[in-house]
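The chain contents come next:
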Amino acid sequence: MEAFRLSPAESDGKAEPGSRSNVQPLVKSALLIVCFVLLSLPSLASQEKTLQLGETRVAVSISGSGEIDSEDLFEWVETTSQTVEDYFGSFPVDQLEVHIQLTSGDSMHGRTWGYSRPRISLRVGREMSLADIREHWILTHEMCHLAFPNVPGHRWLEEGMATYVEPLVQARSGNLSRSKFWSDMKWGLDQGQSEPGDRGLAYDSGWGRTYWGGALFWFVVDLELRRSTHNRITVRDVLRRILASGGNIEVEWTLQEVLETGDRVSPHQTIKGVADRLVYNPGRVELTEIWSNLGVSGAARHSAPWASIRDGIYSAD
């Protein structure tokens, strides 16, 4: 957005004889009025702070005005960074810029850029309370993107990872109740199911398939890893291996590189198997049966056959 700028009025360079003494007081009065108006407006100056997170420097800037204290926003960014670091084992990048613009309204929107200059841009409604901001999922979602490579042609894989992992990070940090976690997960993953005419995640580009279809892929990976290893190996181990192998938002990988690197944590090639069913084929996941086995629907919560897996997913252990 361009800032308004005062500029001198156009003139032909000529002045009427004796006009200087008459115009000068008017000019001074006009300037005083302008200065008064500008000083009365909410400050648009950017406030900045650099956070040190281990070896990582997070440069945060805030523009616009609102009721929320800037120090509370700086603390929110730092706390979210720490929860992401805890989940992935290390913060995904060495340098990060976070730009927060306070705008009208009561909603929040975000976007992340990668490669040589990782940065996150957030538009935060000034009508949001501090509690609303702290509980919002956007910043966690955008920071999850930092921990995964760019995979050209497979946006579903990137967005699906951030969509699935964000609530895991939120739940792990105590910021998302068990009931809301599973309620949101049940609603969302159903949006990602293939429909008649779909051809597979590699080809289906709609919102539901990109975000929640991708999340469904990672959910099935997590579920199958936990089942085959009795909760010893999870999707968290997969993502940590990818990040430790250099796969963050600063680089590009192929789908094959992601699958092969992730499968190194398990002897069963679990991820490749899930990909064979869902990426190039319109495979459907029997979610009703899964929810029943996990005990997240119905009365048999404690006696559910996959109760330990359910609890492991929620705790992200």
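All of these numbers come straight from a predicted model, not from anything done at the bench. (Residues numbered from 1 in each chain as written. Predicted model: local features only at pLDDT ≥ 70, side-chain atom pairs only at ≥ 80, totals over all residues. Heavy atoms only, no water.)

### Observations regarding the layout of surface pockets
Estimated volume of the largest pocket: approximately 890 Å³. Lining the largest pocket are 34 residues, with Trp137, Ile138, His141, Thr163 and Tyr211 positioned closest to its centre. Sorting the residues of the lining of the largest pocket by element identifies strand E4 (108–113), helix H4 (138–145), helix H5 (155–172), helix H6 (178–191) and helix H7 (207–229) as the ones contributing at least two each. For the lining of the largest pocket, the leading source of residues is H5, giving seven residues. Its residues assigned to classes, the lining of the largest pocket comprises 15 nonpolar, ten polar and nine charged. (1 Å grid on protein atoms, 1.4 Å probe; cavity = no way out; pocket = protein on both sides within 12 Å on 5 of 7 lines; lining within 4 Å. Points joined across faces, edges and corners; volume = space filled by probe spheres on them. Helix = DSSP H or I, 4+ residues; strand = E, 2+ residues; numbered from the N terminus. Nonpolar A, V, L, I, M, F, W, Y, C, P; charged D, E, K, R; others polar.)

### Some points on the packing of aromatic side chains
Tallied over the full model, the rule gives eleven aromatic pairs. Taken together, a centroid distance of 6.2 Å and an interplanar angle of 75 degrees make the contact between Trp182 and Trp291 edge-to-face. Of the two residues, Trp182 is situated in helix H6 and Trp291 in helix H11 (residues 287–294); the sequence distance between them amounts to 109 residues. Side by side, Trp182 and Trp291 carry an identical accessibility label, which is buried. (Phe/Tyr/Trp six-rings, centres within 6.5 Å; stacked < 30°, edge-to-face > 60°. Buried < 20%, exposed > 50% of the residue type's maximum accessible area, 1.4 Å probe, protein only.)

### So, the pattern of salt bridges
Across all of its chains, the model carries 14 salt bridges by this definition. Two residues, Asp204 and Arg209, come together in a salt bridge whose shortest N-O distance is 3.0 Å. A relative accessible area of 11% places Asp204 in the buried class. Among the salt bridges present, the one from Asp222 reaches Arg226, with a minimum N-O distance of 3.1 Å. Note that Asp222 and Arg226 are positioned in helix H7 at a spacing of four residues, about one turn of the helix. The pair Asp222 / Arg226 is uniform in exposure class, with both members buried. (Salt bridge = Lys/Arg side-chain N within 4 Å of Asp/Glu carboxyl O.)

### Overview of the nonpolar core
The biggest cluster of nonpolar side chains holds 87 residues, and the ones touching the most others in it are Ile100, Phe217 and Phe219. Apart from the residues within four sequence positions on either side, Phe217 is in contact with Trp156, Leu157, Leu201, Leu259, Ile271, Val274, Ala275, Leu278 and Val279. (Core = buried A, V, L, I, M, F, W, Y, C linked by side-chain atoms within 4.5 Å. Contact = heavy atoms within 4.5 Å.)

### Some details on the packing of H5 against H7
At their nearest, the axes of H5 and H7 sit 7 Å apart, and the two run at 70 degrees to each other. Classified by the angle between their axes, H5 and H7 sit roughly perpendicular to one another. The two elements H5 and H7 cross, and the hand of that crossing is right-handed. Where H5 approaches H7, its residues Arg155, Trp156, Leu157, Glu159, Gly160, Met161, Thr163 and Tyr164 are matched on the opposing element by Arg209, Thr210, Tyr211, Trp212, Gly214, Ala215, Phe217, Trp218, Phe219 and Asp222. The residue inventory of the contact of H5 with H7, partitioned by class, reads ten nonpolar, four polar and four charged. (Axes fitted to C-alpha atoms, helices over the stretch in contact; angles between N-to-C directions. Parallel < 35°, antiparallel > 145°, perpendicular 65-115°, else oblique. Left-handed = near helix turned anticlockwise from the far one by under 90°.)

### Thoughts on a negative patch on the surface
A cluster of like negative charges, contributed by Asp106, Glu127, Asp132 and Glu135, occupies part of the molecular surface. Within the secondary structure layout, Glu135 lies in helix H3 (residues 130–135). A relative accessible area of 53% means that Glu135 is categorised as exposed. (Patch = residues over 30% accessible without salt bridge, like charges linked within 9 Å, V, L, I, M, F, W, Y side chains within 5 Å. Areas by Shrake-Rupley, 256 points an atom, 1.4 Å probe, with all protein chains shown as cover. Lys, Arg positive; Asp, Glu negative; His and termini not counted. Charge placed at Lys NZ, Arg CZ, Asp CG, Glu CD.)

### What to know about the environment of Asp190
Locating Asp190 in the fold gives a position in helix H6. On the basis of relative accessibility, which here comes to 45%, the residue Asp190 falls in the partly exposed class. For the pair Asp190 and Val285, spaced 95 residues apart in sequence, the C-alpha separation works out to 9.2 Å.

### Here's the deal with the sheet that holds strand E1 (residues 47–53)
The strand order across the open sheet formed by five strands is E1-E2-E3-E5-E4, and the pairing between neighbours is mixed. Of all the strands in the sheet, the pair left with one neighbour each is E1 and E4. Taking each pair of neighbouring strands and ignoring which way they run, the sheet shows an average axis angle of 15 degrees. This element, helix H2 (residues 70–88), spans E1, strand E2 (56–63), strand E3 (95–103), E4 and strand E5 (119–125) of the sheet and lies at about 25 degrees to E1. With respect to the sheet, H4 is in contact with E3, E4 and E5, its orientation differing from that of E4 by roughly 10 degrees. (Pairing = 2+ DSSP bridges.)

### A closer look at the confidence of the model for the chain
Averaged over every residue, the pLDDT of the chain is 87; residues scoring 70 or more account for 85%. Low pLDDT (under 50) marks residues 1–23, which in the prediction has one contact with non-local residues, meaning those over four places away or in another chain. When the criterion is pLDDT under 50, residues 32–44 qualifies, and its contacts beyond four places in sequence or with other chains add up to six contacts. (pLDDT = per-residue confidence, 0-100.)

### Section: H11
The set of residues buried in H11 consists of Leu287, Ile290, Trp291, Asn293 and Leu294. On an axial view of H11, the arc spanned by its buried residues comes to 165 degrees, and they lie on one face. Exposed residues pointing more than 90 degrees away from the buried face of H11 are listed as Thr288 and Glu289. The secondary structure elements touched by the buried residues of H11 are H6, H7 and helix H12 (307–315). One or two residues past the end of H11 sits Gly295, with phi positive at roughly 80 degrees. (Arc of directions from axis to C-beta.)

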